[in-house]
Amino acid sequence: MSTSGDRAAELASALEGVRGRVDAACADAGREARRPTLVVVTKFFPGSDVELLAGMGVTDIGESREPEAGDKVAGLPEQVRADLRVHFVGQLQTNKARRVARYADVVQSVDRARLVRALDRGRAEAVDDGAREGPLEVLVQVDLGQGEQAGRGGAAPDEVAALAEDVAAARWLELRGVMAIAPRDLTPDETRRAFDRLVGTGEQLRHTHPGATWVSAGMSGDLEVAVAAGATHLRVGSAILGSRPPQR
Ligand SMILES: *Cc1c(COP(=O)(O)O)cnc(C)c1O
């Protein structure tokens, strides 16, 4: 068993390492003035880790599993919760959307019209009963699979425009941009081309939705490529928190 002091030191050192990687990538890309937001993905790790990270200046966390995520966020001290932006980044079943719409600040993984409607209804309820004040911010997840490269979730690129219209038309949702996960086992060049397609999709959306400025891409293994491609948000888990149990 490690003590909480050990865990704090471990997280601080890993966080510093990732911030260093982001700094170096920004310098290489000449974008020191347009630094990406670091979303620390805390799935599988306890609320105590979230508290420690918040104390180290982390402002954005990502979660991907219901109901664990909602329970974890509900258990945070009010002071900690108030200063955090909570992003839901995982596959979301329609029947869980209502709960997520109550506690999340951002849902990055919107991939179908039914989910848009369920999130909008859930947020409307939360606003009605005073649990939340404003709309839920939303990213459309784009499937970057192509040919041999299996996708890892998201709407097909040719469905993104219609889905974005659905989000924009929803009373309690605010379209903020696009998100994607790179296909597995790509070379850095292939990853770069995939992220370039995502950035292009975001640019297309901005013709009709100027507020859709976010591009969420880049995880522990490919954050440098995402910074170079122009990501505005990085989602980093294992490089900061350590390895998780293997997933599906
Ligand atoms: C888990 C997860 C991450 C973080 O992945 P790491 O490789 O651990 O950095 C990012 N995005 C999504 C959607 C995730 O589910």
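None of these values were measured; they are calculated from a predicted model. (Residues numbered from 1 in each chain as written. Predicted model: local features only at pLDDT ≥ 70, side-chain atom pairs only at ≥ 80, totals over all residues. Heavy atoms only, no water.)

A. Highlighting the overall build of the protein. Each helix and strand counted, the protein has 10 helices and 8 strands in total. Relative to its length of 248 residues, the protein is compact, with a C-alpha radius of gyration of 17 Å against a globular reference of 18 Å. Judged by the C-alpha coordinates and their principal axes, the protein covers about 50 × 50 × 35 Å. Expressed as a percentage of contacts within the protein between residues at least 6 apart in sequence, the contacts between residues at least 24 apart total 64%. Approximately 11800 Å² of the protein is accessible, and the part contributed by carbon and sulfur atoms is 48%. (Helix = DSSP H or I, 4+ residues; strand = E, 2+ residues; numbered from the N terminus. Rg over C-alpha atoms; globule rule 2.2 N^0.38 Å. Contact = heavy atoms within 4.5 Å. Areas by Shrake-Rupley, 256 points an atom, 1.4 Å probe, with all protein chains shown as cover.)

B. View of the nonpolar core. The biggest cluster of nonpolar side chains holds 67 residues, and the ones touching the most others in it are Val 107, Leu 119, Leu 234 and Ile 240. Not counting residues up to four positions away in its chain, the partners in contact with Leu 234 are Val 22, Pro 36, Thr 37, Leu 38, Val 39, Ala 217, Gly 218, Leu 223, Ala 226 and Val 227. (Core = buried A, V, L, I, M, F, W, Y, C linked by side-chain atoms within 4.5 Å. Buried < 20%, exposed > 50% of the residue type's maximum accessible area, 1.4 Å probe, protein only.)

C. Layout of the UniProt feature "domain: Alanine racemase N-terminal" (unreviewed entry) in the protein. Those places that UniProt annotates as "domain: Alanine racemase N-terminal" (unreviewed entry) correspond, in this numbering, to residues 57–245. Annotation note: span residues 57–245, helix share 41%, strand share 17%, distance between end C-alpha atoms 26 Å. (UniProt positions renumbered as here; feature names shortened; annotations may be inferred.)

D. Looking closely at helix H8 (residues 188–208). End to end, H8 covers 31 Å across 21 residues, agreeing with the expected 30 Å (1.5 Å per residue, within 8%). Those residues of H8 not exposed but buried are Thr 191, Ala 194, Phe 195, Leu 198, Val 199, Thr 201, Gly 202 and Leu 205. End-on view of H8: buried residues confined to an arc of 155°, all on one side of the axis. The exposed set on the far side of H8, more than 90 degrees from its buried face, consists of Asp 189, Gln 204 and His 207. Among the structural elements, helix H7 (160–169), strand S6 (173–179), strand S7 (214–216) and helix H9 (223–229) are those in contact with the buried residues of H8. (Expected span 1.5 Å × (residues − 1). Arc of directions from axis to C-beta.)

E. Just the pairing of strand S2 (residues 60–63), in detail. Neither face of S2 is exposed, since Asp 60 and Gly 62 on one face and Ile 61 and Glu 63 on the opposite face are all buried. Of the pairings in the sheet, the one linking strand S1 (residues 37–41) to S2 comprises 3 bridges and is parallel in character. When the sheet's bridge partners are listed, Val 41 is paired in S2 with Gly 62. Regarding topology, helix H2 (residues 47–55) serves as the crossover connection from S1 to the parallel S2, and that connection is right-handed. (Pairing = 2+ DSSP bridges. Right-handed = clockwise from strand over helix to strand, strands pointing away.)

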